[in-house]
Amino acid sequence: MEHLLVTGGCGFIGANLIRFLLERTPFEGRVVNVDKLTYAGNPESLADLAERFPRRYAFVQADIGDPAAMAEVFDGQGIDAVCHLAAESHVDRSIVAPGGFVQTNVVGTLNLLELARARRGRLVRFHHVSTDEVYGSLGETGRFMETTPYGPNSPYAASKAGADHLVRAYGHTYGLPVTITNCSNNYGPYQFPEKLIPLMILNALEGRPLPVYGRGANVRDWLFVEDHCRALWEVLTRGRVGETYNIGGDCERRNLEVVERICGLLDEMAPEARIGERRRLITFVVDRPGHDYRYAIDCTKLQRELGWRPAESFESGLRRTVRWYLEHPAWVARVRSGAYREWVARQYGAGAAPGGEGAA
Ligand code: NAD
Ligand code: TYD
């Protein structure tokens with residue numbers, strides 16, 4: 001693995017992964033980051049890397065669904081391994097407009113697979129980053145295993161499931177050296193503030209309403225993004241070809257608990273008399289249609305085969321995350337583009353739209 005293509009590297013997990021690969025692993029090759037720069041892509045998350053690693057990091061703006069542009073990347077950059085993260089990733093957006101999810105997550109993945117198939121002699125790995133949401137929803141008990149049957153409930157989950165099936169089929173049929181990981185909800189630095197944790201941090205910071213769907217009883221299994229990146233490195237380098245690995249934080253929390261903890265941390269780390277106790281900002285809003293009740297991951301296989309386990313507790317990871325958002329106001333201002341504000345205003349009403357007038 002000398003010329004690694006990372007797709008979606010300007011998104012939340014991709015940016016963390018590229019940073020992790022270049023700064024914290026023995027990887028000595030080059031990373032080629034291909035990103036279309038949708039509303040969720042922010043090249044600023046990696047702005048320093050081009051200067052610090054001029055020979056080891058390159059960025060190409062392209063759509064993974066564009067056969068000619070991607071063929072040029074594969075051949076022009078001598079790609080010999082792929083870590084595929086580019087996707088439309090927000091469940092609520094997929095409920096409003098599913099078409100783009102099928103286009104990028106299914107058709108875009110198919111395009112990458114076709115290009116990889118045509119060059120499979122020189123490709124040592126095609127790794128696909130997927131989600132636990134492909135397995136559907138759990139009740140109060142049980143955990144998702146790699147063998148759990150697929151039962152995706154949202155258009156987002158269905159599009160990721162479609163991509164997973166294609167990746168698996170290309171491994172089985174054409175002998176492409178594929179691996180797949182299905183991970184639980186990530187959180188940490190550089191996450192776009194449409195997802196629960198950064199949305200709540202930024203709204204709470206500014207004293208805006210904290211929109212909790214339903215009664216906030218839904219459960220997610222939170223994984224600190226750095227732990228995820230370490231797992232991806234292990235699977236990329238030591239995972240068995242043709243296998244799927246589940247990655248989870250072993251950290252189940254109800255949404256309401258998460259939001260309350262964020263309020264507590266901000267009251268402690270950024271107290272403001274004007275706002276007072278931030279728990280008061282919690283507002284129960286209409287539930288997401290088809291809202292999955294609970295996700296929980298069994299990652300025994302990853303622990304057993306590759307010795308991976310999460311290092312960060314939810315308490316320490318959340319504290320680090322809140323601190324990161326407090327310390328990076330310029331990054332925050334930048335991601336609050338017009339498209340983002342428009343989405344938040346449409347989803348939650350104009351009063352909830354952070355950034356307001358004058359935001360970058
Ligand atoms: P994100 O939305 O923050 O980033 C996605 C990136 O992909 C953006 O930079 C965007 O510009 C890029 N992109 C979108 N469409 C593209 C296209 N057609 N061509 C090229 N680039 C395109 O997503 P994320 O949270 O970083 O998630 C990364 C991957 O991990 C996704 O595949 C997602 O399904 C998966 N995943 C995420 C989570 C999570 O909690 N965030 C959990 C499980 C799995
Ligand atoms: P999200 O971050 O969108 O991730 P996912 O839907 O992929 O799990 O949401 C996490 C949980 O938080 C999910 O149960 C929905 C809930 N949620 C809210 O209650 N309010 C919000 O404003 C958002 C964005 C999510």
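Residues numbered from 1 in each chain as written. Chains lettered and ligands numbered in written order. Predicted model: local features only at pLDDT ≥ 70, side-chain atom pairs only at ≥ 80, totals over all residues. Heavy atoms only, no water.

## Focus: the site of ligand 1
Okay, so step 1: By nearness alone, 28 residues border ligand 1, and Ile13, Asp35, Ser89, Tyr156 and Lys160 come closest of all.
Okay, so step 2: Note that an oxygen atom of ligand 1 is positioned 3.0 Å from one of the backbone N or O atoms of Thr38.
Okay, so step 3: Backbone polar atom of Ile64 to a nitrogen atom of ligand 1: 3.0 Å apart, as the coordinates give it.
Okay, so step 4: Coverage of ligand 1 by the protein amounts to 97% of the 830 Å² it exposes when considered alone.
Okay, so step 5: Looking at the shell around ligand 1, the elements that each hand over two or more residues are helix H1 (12-24), strand S5 (125-131) and helix H6 (155-174).
Okay, so step 6: When residues in the shell around ligand 1 are grouped by element, the largest group, three residues, is from S5.
Okay, so step 7: Broken down by class, the residue content of the shell around ligand 1 amounts to 13 nonpolar, 11 polar and four charged. (Near = heavy atom within 4 Å. Polar contact = N/O pair within 3.5 Å; in protein donor to acceptor, adjacent residues only side chain to side chain. Areas by Shrake-Rupley, 256 points an atom, 1.4 Å probe, with all protein chains shown as cover. Helix = DSSP H or I, 4+ residues; strand = E, 2+ residues; numbered from the N terminus. Nonpolar A, V, L, I, M, F, W, Y, C, P; charged D, E, K, R; others polar.)

## Remarks on the packing of aromatic side chains
Okay, so step 1: Applying the stated rule across the entire model yields 15 aromatic pairs.
Okay, so step 2: Summarising the aromatic geometry, the rings of Tyr135 and Tyr150 are spaced 5.5 Å apart at their centres and angled 85° between planes, so their arrangement reads as edge-to-face. Of this pair, Tyr135 sits in the loop between S5 and H6 while Tyr150 sits in the loop between S5 and H6; the two residues are 15 residues apart in sequence, bridging distant segments of the chain.
Okay, so step 3: Through a chain of ring-to-ring contacts, three or more aromatic side chains come together here, namely Tyr135, Phe144, Tyr150 and Tyr295.
Okay, so step 4: When the ring centre of Phe284 is taken as reference, the NZ or CZ atom of Arg215 above it lies at 4.1 Å.
Okay, so step 5: Just above the ring of Tyr245 sits the side chain of Lys301; from NZ or CZ to the centre is 4.9 Å. (Phe/Tyr/Trp six-rings, centres within 6.5 Å; stacked < 30°, edge-to-face > 60°. Lys NZ or Arg CZ within 6 Å of the ring centre and 35° of its normal.)

## With respect to the site of ligand 2
Okay, so step 1: Not every one of the 19 residues close to ligand 2 is listed here, only the nearest: Glu133, Arg220, Arg288, His291 and Tyr348.
Okay, so step 2: For ligand 2, an oxygen atom lies 2.8 Å from a polar atom in the side chain of Asn185.
Okay, so step 3: In this structure, an oxygen atom belonging to ligand 2 sits 2.9 Å away from a side-chain N or O atom of Asn255.
Okay, so step 4: Notes on ligand 2: free accessible area 510 Å², of which the protein chains cover 97%.
Okay, so step 5: For the shell around ligand 2, the secondary-structure elements that each account for two or more residues are helix H7 (196-205) and strand S8 (210-213).
Okay, so step 6: Counted by class, the shell around ligand 2 contains nine nonpolar, five polar and five charged residues.
Okay, so step 7: Split by domain, the residues of the shell around ligand 2 number at least three in each of domain 1 (3-187 + 225-247) and domain 2 (196-220 + 252-289 + 312-346). (Domains from an automatic or database assignment.)

## Notes on the layout of surface pockets
Okay, so step 1: Its volume calculated, the largest pocket comes out at about 330 Å³.
Okay, so step 2: Around the largest pocket, the lining comprises 20 residues; the ones closest to its centre are Arg168, Ile180, Gly242, Glu243 and Thr244.
Okay, so step 3: Going through the elements one at a time, H6 and strand S6 (178-183) are the ones with two or more residues in the lining of the largest pocket.
Okay, so step 4: Looking at the lining of the largest pocket element by element, the count peaks at five residues for H6.
Okay, so step 5: Of the residues assigned to the lining of the largest pocket, the class counts are six nonpolar, nine polar and five charged. (1 Å grid on protein atoms, 1.4 Å probe; cavity = no way out; pocket = protein on both sides within 12 Å on 5 of 7 lines; lining within 4 Å. Points joined across faces, edges and corners; volume = space filled by probe spheres on them.)

## Description of the environment of Val332
Okay, so step 1: Take Val332: it is sitting in helix H12 (residues 329-335).
Okay, so step 2: Assessed through its relative accessible area of 7%, Val332 is described here as buried.
Okay, so step 3: Setting aside its immediate chain neighbours within four residues, Val332 contacts Leu202 and Tyr325. (Buried < 20%, exposed > 50% of the residue type's maximum accessible area, 1.4 Å probe, protein only. Contact = heavy atoms within 4.5 Å.)

## Thoughts on helix H3 (residues 67-76)
Okay, so step 1: When we look at burial in H3, the residues that qualify are Met70, Ala71, Val73 and Phe74. The buried residues of H3 occupy an angular sector of 160° when the element is viewed end-on, so they sit on one face. Every exposed residue of H3 that faces more than 90 degrees away from the buried side is listed here: Ala68, Glu72 and Gly76.
Okay, so step 2: In this fold, the buried residues of H3 make contact with strand S1 (3-7), strand S2 (30-35), strand S3 (57-61), strand S4 (81-84) and helix H5 (99-118).
Okay, so step 3: One side-chain oxygen at the N-terminal end of H3 lies 3.2 Å from the backbone nitrogen of Ala68; it belongs to Asp66.
Okay, so step 4: At the exit of H3 stands Gly78, carrying a positive phi of roughly 60°. (Arc of directions from axis to C-beta.)

## Remarks on the nonpolar core
Okay, so step 1: In terms of nonpolar packing, the biggest core is built from 72 residues, with Val6 and Ile197 touching the most fellow members.
Okay, so step 2: The element contributing the most residues to this core is H1, with eight residues.
Okay, so step 3: Counting contributing residues per domain, this core is built from domain 1 (3-187 + 225-247) and domain 2 (196-220 + 252-289 + 312-346), each supplying no fewer than three.
Okay, so step 4: In contact with Val6, not counting residues within four places along its chain, are Leu17, Ile18, Leu21, Val31, Val32, Asn33, Val34, Cys83 and Leu85. (Core = buried A, V, L, I, M, F, W, Y, C linked by side-chain atoms within 4.5 Å.)

## Focus on the packing of H7 against helix H9 (residues 255-269)
Think of two packed helices as two axes; the pair is described by the angle between the axes and how far apart they sit.
Okay, so step 1: Across the interface, H7 lies against H9 with an axial gap of 10 Å and an inter-helix angle of 40°. Of the possible angle classes, the one that applies to H7 and H9 is oblique. H9 is crossed by H7, and the crossing has right-handed handedness. Each of Leu196, Ile197, Met200, Ile201, Ala204 and Leu205 in H7 lies in contact with H9, whose residues at this interface are Asn255, Val258, Val259, Ile262 and Leu266. (Axes fitted to C-alpha atoms, helices over the stretch in contact; angles between N-to-C directions. Parallel < 35°, antiparallel > 145°, perpendicular 65-115°, else oblique. Left-handed = near helix turned anticlockwise from the far one by under 90°.)

## So, the packing of H1 against helix H8 (residues 225-238)
Okay, so step 1: Running from N to C, H1 and H8 point in directions that differ by 65°, and their axes come no closer than 9 Å. With respect to the hand of their crossing, H1 and H8 are arranged in right-handed fashion. Packed against H1, whose contacting residues are Phe12, Ile13, Asn16, Leu17, Phe20, Leu21 and Arg24, the element H8 presents Val225, Glu226, His228, Cys229, Arg230, Leu232 and Trp233 at the interface.
Okay, so step 2: Here the contact of H1 with H8 is composed, by residue class, of nine nonpolar, two polar and three charged.

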